[in-house]
Structure formats: structure tokens, C-alpha cells
Amino acid sequence: EAGEASIKWNVPYQAITPVLDGEIKKDEYARFENFEDYIGVAASSNYGKEATDALYEKVKGGFFDAYWCWDGQYLYMAFDVDAIDGYNCTPSQDVMLFAYNCLQIGLADVEAEGRDATYTELGFGYNQEKQEDVTFTWNGQYLTGADDFTGKYDDASKRITYELRIDLQQALGWDKYPENGDQCNFAFVMEV
């Protein structure tokens, strides 16, 4: 399910539109904070206990910074992520995006129960070999446009930056754009 009804965050309204260029600039976004207590860390069962424990040690102090805002139409998000154990996102098929370094976002109406008609799940990645953005819709009818996402990998700092926007009315299937006080369910997964 996309989120839990007992956990709430207020997405800051911002009149200045962020530029999706793979660089997080001062005053473009507000920091997304106070989510750390709700993060779960998982590794595939074939990773092995020793490797999983080592991975957990690397990420338990935090390995990414998150930012967000909305402008009345779009939810804007940005993540600056340490490439844990290297960076690789070269899927041969878009549907395999989840098996690489990527970001997944789930949105649903606040009254949603599981993956109902309002549930949208999107994937975002940056193919460093072809220097191209990769997006995929796993659930729902919403499609990310070419201007809605930019990824950028810096080999020197070993960091990946994701910047994206999601049209909330279309993604949630609402008949109007969101207003102050409107709510939706939200979740994200960072694949490293």
C-alpha cells in the first residue's frame, strides 16, 4: 500500500518552479524531513547475510537527501543519493528497471485500499552508459513525459541525482488539481 493513514507530511507550496536539470539548487525545493523513522531497509535473499550486514552498515546513517514542493499542479521531488557499492542502471528492458539503481514512487487517493484504480506506481532511473533517462509506469495510467524527469550521475562524487515532477491531478485521477489541505497516500523506494 502507498503509505499509512497515521503518518502525515505537509508538502510545501512553492511559487518558484524547480528546473529539472540534475542539479539541486538553493531555494529550488524544501527539504523533505522526518521520514527516517518510517524507512525500512531490505536486501534480496540471495545477497547473503554477511553482504547484507555490510550493506546495512553503509546505509544506516543515511545515504540520501530528499527534497520536495508543489506548485498547485505538480509534485516536485529531488533525491541526491550516494551510489552504495557502485552505480549501475542499464536495463535491457524498462520493466527490469527495479533490478538496478532506481527510484520508485507510489501515489494513491487517501481512501485507497491497496492497488485500487487511483494507485499509480512510477519508476525512474538514469542509464549512465547511454546518458539517458529511463522511466516506467508499473501501475496506473499515468505516463511520465520527457520534461518530467532528469537523472544525473557524477562519477567523481559517486552520487546520483533524481529530479522529477508528477501531475497530481492526472496521477491520482482526480477531477481537479489539488488544493491546500488535500491529501493523498505516498511512498517511495530507493534501489541501490
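Quick notes on the rules
- Residues numbered from 1 in each chain as written.
- Predicted model: local features only at pLDDT ≥ 70, side-chain atom pairs only at ≥ 80, totals over all residues.
- Heavy atoms only, no water.
- Phe/Tyr/Trp six-rings, centres within 6.5 Å; stacked < 30°, edge-to-face > 60°.
- Helix = DSSP H or I, 4+ residues; strand = E, 2+ residues; numbered from the N terminus.
- Salt bridge = Lys/Arg side-chain N within 4 Å of Asp/Glu carboxyl O.
- Buried < 20%, exposed > 50% of the residue type's maximum accessible area, 1.4 Å probe, protein only.
- Core = buried A, V, L, I, M, F, W, Y, C linked by side-chain atoms within 4.5 Å.
- Contact = heavy atoms within 4.5 Å.
- Pairing = 2+ DSSP bridges.
- Axes fitted to C-alpha atoms, helices over the stretch in contact; angles between N-to-C directions.

Trainee: Whenever I open this one, the packing of aromatic side chains confuses me. Can you help?
Mentor: Here the distance between the centres and the angle between the planes together describe a pair of aromatic rings. Using the criterion set out here, one finds 22 aromatic pairs in the structure. Here the aromatic rings of Phe79 and Phe188 are separated by 5.1 Å at their centres, their planes lie at 55 degrees, and the arrangement is tilted. A residue pair is termed long-range when its members are at least 10 positions apart, and Phe79 in strand β3 (residues 74-82) and Phe188 in strand β9 (residues 184-191) qualify at 109 residues. When the ring of Phe149 is compared with that of Tyr162, the centres are 6.2 Å apart and the planes differ by 20 degrees; the resulting orientation is stacked.

Trainee: Mind showing me how you'd approach the pattern of salt bridges here?
Mentor: Oppositely charged side chains may form a pair once their charged atoms are brought near each other. All told, the structure shown has 14 salt bridges when counted by the stated rule. With a closest N to O distance of 3.2 Å, Glu23 and Lys152 form a salt bridge. Of the two residues, Glu23 sits in the segment before β1 (30-31) while Lys152 sits in strand β7 (residues 149-154), which places them 129 residues apart along the sequence. Taking relative accessible area as the criterion, Glu23 reaches 41% and is therefore assigned partly exposed. A residue is classified by how much of its surface remains accessible, and Lys152, at 38% relative accessible area, is partly exposed.

Trainee: Could you clarify how one ought to interpret the nonpolar core in this entry?
Mentor: Counting residues in each nonpolar core, the largest one holds 39 residues, and the members touching the most others are Phe79 and Ile105. Setting aside its immediate chain neighbours within four residues, Phe79 contacts Ile24, Phe64, Asp65, Ala66, Leu103, Ile160, Thr161, Tyr162, Phe188 and Met190. Grouped together as the second largest cluster of nonpolar side chains are seven residues, Tyr67, Cys69, Tyr76 and Ala78 included.

Trainee: Looking at this model, I keep getting lost on the sheet that holds β9. Mind explaining?
Mentor: Note on sheets: strands pair through backbone hydrogen bonds, and any given pair is parallel or antiparallel. The four strands lie next to each other as β6-β5-β4-β9, forming an open sheet whose pairing is antiparallel. Either end of the sheet is taken by a strand with one partner, and the two such strands are β6 (132-139) and β9. In this sheet, neighbouring strand axes are inclined to one another by 15 degrees on average, regardless of whether the strands run parallel or antiparallel.

Trainee: Honestly, unusual backbone geometry in this entry has me stumped. Any pointers?
Mentor: For residues that are not glycine, phi is negative in most cases, and the peptide bond is trans in most cases. With a phi close to 70 degrees, Asp27 is a non-glycine residue in the positive phi region. Looking at where Asp27 falls in the secondary structure, it is placed in the segment before β1. Residue Asp27 is classed as exposed on the basis of its relative accessible area, which comes to 56%. At Asp85, a residue that is not glycine, the phi angle is positive and equals roughly 60 degrees. Along the chain, the position of Asp85 falls in the loop between β3 and β4 (102-109).

Trainee: Honestly, the environment of Asp82 in this entry has me stumped. Any pointers?
Mentor: Of note, Asp82 is situated in strand β3. Sequence separation between Asp82 and Ser45 is 37 residues, and the spatial gap between their C-alpha atoms is 23 Å. Excluding residues within four positions of it along the chain, Asp82 makes contact with Phe63, Lys158, Arg159 and Val192.

Trainee: What should I look at first to understand the sheet that holds strand β8 (residues 159-167) in this one?
Mentor: The strand order β1-β2-β3-β8-β7 describes an open sheet built from five strands, whose pairing is antiparallel. Edge strands, defined here as strands with exactly one partner in the open sheet, are β1 and β7.

These values are about where atoms sit, not about what they do.
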